[in-house]
Amino acid sequence: MRLKRGTSNLSVQRSARSARKCYLAVSSLLVLSVLTPLLFLTTQGGLFRINLGSKDFIGETKNDLKESDDFKQIDNMFPKEVIDTIVSSIDDSGPLSLNTARRKDLSSSWVIEQPVSVLDSLQVGDSSANANGIAIQTQTGNHSIGKISGSLIESGKVGDSTLADAALNLTSVKVPDVKPSEEKLTPAQSARKKLRMERKVKRLRELTQKDDTTAARLEQVVAERSKNIGSGSVLSKYSIWRRDHDENSDSLVRLMRDQLIMARVYVNMAQSHNQVHILHQLRARIRDSQRSLGEATTDAELPRSVASERVKAMGQILSVAREQLYDCAGITKKLRAMLQFSEEQARVLKKQSTFLSQLAAKTLPKGIHCLSMKLTIDYYKLAESDRNFPGGEKLEDNRLFHYALFSDNVLAASVVVNSTVCNAKDPSMHVFHLVTDKLNYAAMKMWFLANPPGKATIDVQNIDDFTWLNSSYCPVLRQLESAAMKEYYFKADHPTTIAAGSSNLKYRNPKYLSMLNHLRFYLPEVYPKLDKILFLDDDIVVQKDLTPLWTVDLHGKVNGAVETCGHSFHRFDKYLNFSNPHIKRNFDPRACGWAYGMNVFDLQQWKRKDITGIYHKWQDMNEDRVLWKLGTLPPGLITFYNLTYPLQKSWHVLGLGYNPSVDRGEIEGAAVIHYNGNMKPWLELAMSKYKHYWTRHVKYDHPFLQQCNISP
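None of the values given here were measured: they were computed from a predicted structure. (Residues numbered from 1 in each chain as written. Predicted model: local features only at pLDDT ≥ 70, side-chain atom pairs only at ≥ 80, totals over all residues. Heavy atoms only, no water.)

What follows deals with the sheet that holds strand β6 (residues 401–406). Here we have 7 strands laid out as an open sheet, ordered β8-β7-β6-β9-β12-β11-β13, and mixed in their pairing. Strand pairing shows two members of the sheet lacking a second neighbour, β8 (457–462) and β13 (644–646), which therefore form its edges. For this sheet the average axis-to-axis angle between neighbouring strands, irrespective of direction, equals 25°. Here strand β11 (residues 559–561) pairs with strand β12 (residues 598–602) via 2 bridges, running antiparallel. The residue bridging Asn559 from the neighbouring strand is Phe601, located in β12. Seen against the sheet, helix α15 (residues 410–423) touches β6, β7 (430–436), β8 and β9 (532–536) and runs at an angle of roughly 175° to β7. Sitting on the sheet, helix α16 (residues 441–450) is in contact with β7 and β8, with an inclination near 170° to β8. (Pairing = 2+ DSSP bridges. Helix = DSSP H or I, 4+ residues; strand = E, 2+ residues; numbered from the N terminus. Axes fitted to C-alpha atoms, helices over the stretch in contact; angles between N-to-C directions. Contact = heavy atoms within 4.5 Å.)

A separate point is helix α14 (residues 366–381). An α-helix turns once per 3.6 residues; consequently, residues spaced three or four apart project the same way. In this model α14 runs 23 Å from its N-terminal to its C-terminal C-alpha over 16 residues, within 8% of the 22 Å that 1.5 Å per residue would give. All buried positions along α14 are accounted for by Gly367, Ile368, Leu371, Ser372, Leu375, Thr376 and Tyr379. (Expected span 1.5 Å × (residues − 1). Buried < 20%, exposed > 50% of the residue type's maximum accessible area, 1.4 Å probe, protein only.)

With that settled, the discussion passes to a nonpolar patch on the surface. There is a patch of nonpolar side chains on the surface, built from Phe355, Leu356 and Leu359 and spanning about 280 Å² of accessible area. Relative to the assigned elements, Phe355 resides in helix α13 (residues 328–362). Of the residues examined, Phe355 reaches a relative accessible area of 41% and is grouped as partly exposed. (Patch = residues over 30% accessible without salt bridge, like charges linked within 9 Å, V, L, I, M, F, W, Y side chains within 5 Å. Areas by Shrake-Rupley, 256 points an atom, 1.4 Å probe, with all protein chains shown as cover. Salt bridge = Lys/Arg side-chain N within 4 Å of Asp/Glu carboxyl O.)

Before going further, it helps to examine the packing of α15 against α16. Across the interface, α15 lies against α16 with an axial gap of 10 Å and an inter-helix angle of 40°. The orientation of α15 relative to α16 falls into the category oblique. Handedness of the crossing formed by α15 with α16: right-handed. Residues Val410, Ala413, Ser414 and Val417 of α15 form the contact with α16, whose participating residues are Ala443, Met444, Trp447 and Phe448. Taken together, the residues of the contact of α15 with α16 break down into 7 nonpolar, 1 polar and no charged. (Parallel < 35°, antiparallel > 145°, perpendicular 65-115°, else oblique. Left-handed = near helix turned anticlockwise from the far one by under 90°. Nonpolar A, V, L, I, M, F, W, Y, C, P; charged D, E, K, R; others polar.)

Running from N to C, helix α10 (residues 251–273) and α13 cross one another at 120°; their axes reach a closest spacing of 10 Å. By the angle class used here, α10 and α13 are oblique. Here α10 runs over α13; the crossing is right-handed. Contacts between α10 and α13 involve Ile261, Arg264, Val265, Tyr266, Asn268 and Met269 from the former and Ile331, Lys334, Leu335 and Met338 from the latter.

For the rest of this paragraph, the subject is the pattern of salt bridges. A full pass over the atoms with the stated rule returns 12 salt bridges. Linking Arg387 and Glu384 is a salt bridge whose minimum nitrogen-to-oxygen distance equals 3.1 Å. Look at Arg387 and you get buried, because its relative accessible area is 11%. Glu384 gets classed as exposed once you look at its relative accessible area, which sits at 59%. For the salt bridge of Lys680 with Asp539, the shortest nitrogen-to-oxygen distance reads 2.5 Å. Residue Lys680 is found in the loop between β15 (672–674) and α27 (688–695), and its partner Asp539 is found in the loop between β9 and β10 (540–542); the two are separated by 141 residues along the sequence. Exposure class is identical for Lys680 and Asp539. Each is buried. Connected through salt bridges with shared partners, the residues Arg285, Asp288 and Arg291 form a single ionic network.

In this structure the tally under the stated criterion is 23 aromatic pairs. Look at Tyr522 and Tyr615: their rings are 6.0 Å apart centre to centre, the planes differ by 90°, and that puts the pair in the edge-to-face class. Here the residue Tyr522 occupies a position in the loop between α20 (515–518) and α21 (523–526), and Tyr615 occupies one in helix α24 (residues 611–621), the gap between them amounting to 93 residues. For Tyr615, a relative accessible area of 1% corresponds to the buried category. (Phe/Tyr/Trp six-rings, centres within 6.5 Å; stacked < 30°, edge-to-face > 60°.)

One pass over the structure, following the stated rule, counts 2 disulfides. Two residues share a disulfide in this structure: Cys370 and Cys708, whose sulfurs sit 2.2 Å from each other. Sign of the S-S torsion, about -70° for the bond between Cys370 and Cys708, identifies this disulfide as left-handed. Of this pair, Cys370 sits in helix α14 while Cys708 sits in the segment after α28 (703–707), and the two are 338 residues apart along the sequence. (Disulfide = S-S within 2.5 Å.)

Moving on to the sheet that holds β15. Pairing in this open sheet of 3 strands is mixed, and the strands run β10-β15-β14 from one edge to the other. Across the chains shown, the open sheet's two edge strands, defined by having one partner strand only, are β10 and β14 (652–653). Bridge analysis of β10 against β15 gives 3 bridges, and the strand direction is antiparallel. Directly across from Ile540, in β15, lies its bridge partner His674.

This brings us to the side chain of His616. As for its placement among the helices and strands, His616 is situated in helix α24. Within polar-contact distance, the side chain of His616 engages the side chain of Tyr522 at 2.9 Å. Setting aside anything within four residues of it in sequence, one finds His616 in contact with Tyr473, Cys474, Pro475 and Tyr522. (Polar contact = N/O pair within 3.5 Å; in protein donor to acceptor, adjacent residues only side chain to side chain.)

Turning to the side chain of Asp537, a few remarks are in order. With respect to the helices, strands and loops of the structure, Asp537 is situated in the loop between β9 and β10. Every residue in contact with Asp537, bar those within four places of it in the chain, is listed here: Leu405, Val416, Arg520, Tyr596, Gly597 and His674.

On to the nonpolar core. In terms of nonpolar packing, the biggest core is built from 63 residues, with Leu371, Leu434, Leu534, Leu546, Leu549 and Trp694 touching the most fellow members. Looking at this core element by element, the count peaks at 8 residues for α15. In this view, Leu371 contacts Leu411, Trp447, Phe704, Leu705, Cys708 and Ile710; residues no more than four positions away in its chain are not counted. Of all hydrophobic cores here, the second largest spans 43 residues; its members include Val476, Leu519, Tyr527 and Ala561. (Core = buried A, V, L, I, M, F, W, Y, C linked by side-chain atoms within 4.5 Å.)

Put into structure tokens, the structure is as follows:
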């Protein structure tokens, strides 16, 4: 019996333990089933708000309002560490939620600008609670805060767990009658709140203004369009068939050209397959399409009805040819051959274009040649006594301002002189020394005899009268007489490649054969009694008084010029061959270049440093053109190396003969503007945006200019 009793007791104990475990499992399941929706609703902020700092608690259940003892249950329900974590994560931006905790450390720019407490914004009045929820009356009216089904949680005691009791009691809490929070903000919080409000008001003002501006602009556009809405052109332009009526469309032109390409391909294939009938039809259609196409570039230039018929006829014969002659490999081979032929033809045309552009830039226009001829005839009609300029005593007076100008272009030289005198404060102090060749000597003298430059003094010389300038003294003249130089300039079998041909064509310019271009290295010999002189090119225009240049201190240098180097432009390595040991040893490849066109030369320092001798030395070393290409700037950079004083850039602005993007402000503020490049202002190639600076100094009302058809 004892054994049975013991066995019975053991069974009872086991049953009690099993019941206890079952009870705990059920209790835990009930607690989780209650807390899970509570926590979900809590994190969404839609069920209630907890402010642990002030013990505010708003909820909505089916039970009556309880007192503040319910708040104590909250403290007992969670550990202290959980309470501290929730307190540290709560701000005044809204109900407690997981998103609030995640936004804990966000920057101030993301803080809600006007945090409003639910209790602060509500004035809780009389409330009517029912099984479906609570209605709370505010200052703005009745708003439904939320509804909780009365059957969500049944009140009662679920086990002995305090947590379960607290959870059940939590659901029965009602909204208490509380006054708005009167918690005071710290000065820092007040300042931040003020800044947030100011930013918000500013942003709203900007958005409102932007909306008003956009609306006004749209209204204006609509009003403008509505004025012409009745016109046929507008209706046609904005119709659904607009692309068909577009005057600039070239779809039909491109279609005809594509058809011609394929027709030529099938012509070749018809010949190889001996398809005579198709061959004749293709050739006939090609002739018709070429006549209709002509030089047209847009559909509007085509005869509409004829072109459409030609396209249709060509399409039909191409379809027949495709059915009988189509061969993918053969068509590919023919198209590749046509492509290679087109590329070769493009290279030839590019070379011709380069040659013609160089020719157009360097040859004298017909009108200027006509002007020179008429002036020459009138010059030789003058008596000997009338062929001299007045003021010969001023030509060697160092108290005056002297200019050197070497040119064979009468019109260009007149613009340089006229623009300089026009901007001079005292024209009587300026003396112009012109040197030209034998062909234009009479015309140059006659122009300035008939059109004297006001009170300024002028003199014209013939370069052939300089007997000292001969091949025994001048290396350039000696080199021009050599067989190698004659072969370079005059032999017909020059390189035909684009790279070599274009380069050689550029340096075969006639100006490199003219001593007028090299005379700038012999200024002390041409003007032996002058101390300082201002050298000017014939493609410049003077816009300001140049008198201050004679007072510039060159600090012992010989040449005063404006530097032209940029980040990587116009430095010595762009002009000289630094693979040559002589160049590499004596010059810095990164040295800054400068510009000819307006240069102040100290002729006394020139003589002391024997500048002409330096020029002769390097010119002799370059007889085979291994140091630099032909021209005067590379030997000028070498000759005046470390002997050039940089002037302010506003004295001399370059690029008007090749650069379409020269700053207008720089042009207007420059003392001298230079049309260096191929687009000279007296040519049709000139850029129209710069040409008026030059044409305003030309006397287009002169009878000779009108007779020679020289016009702006």
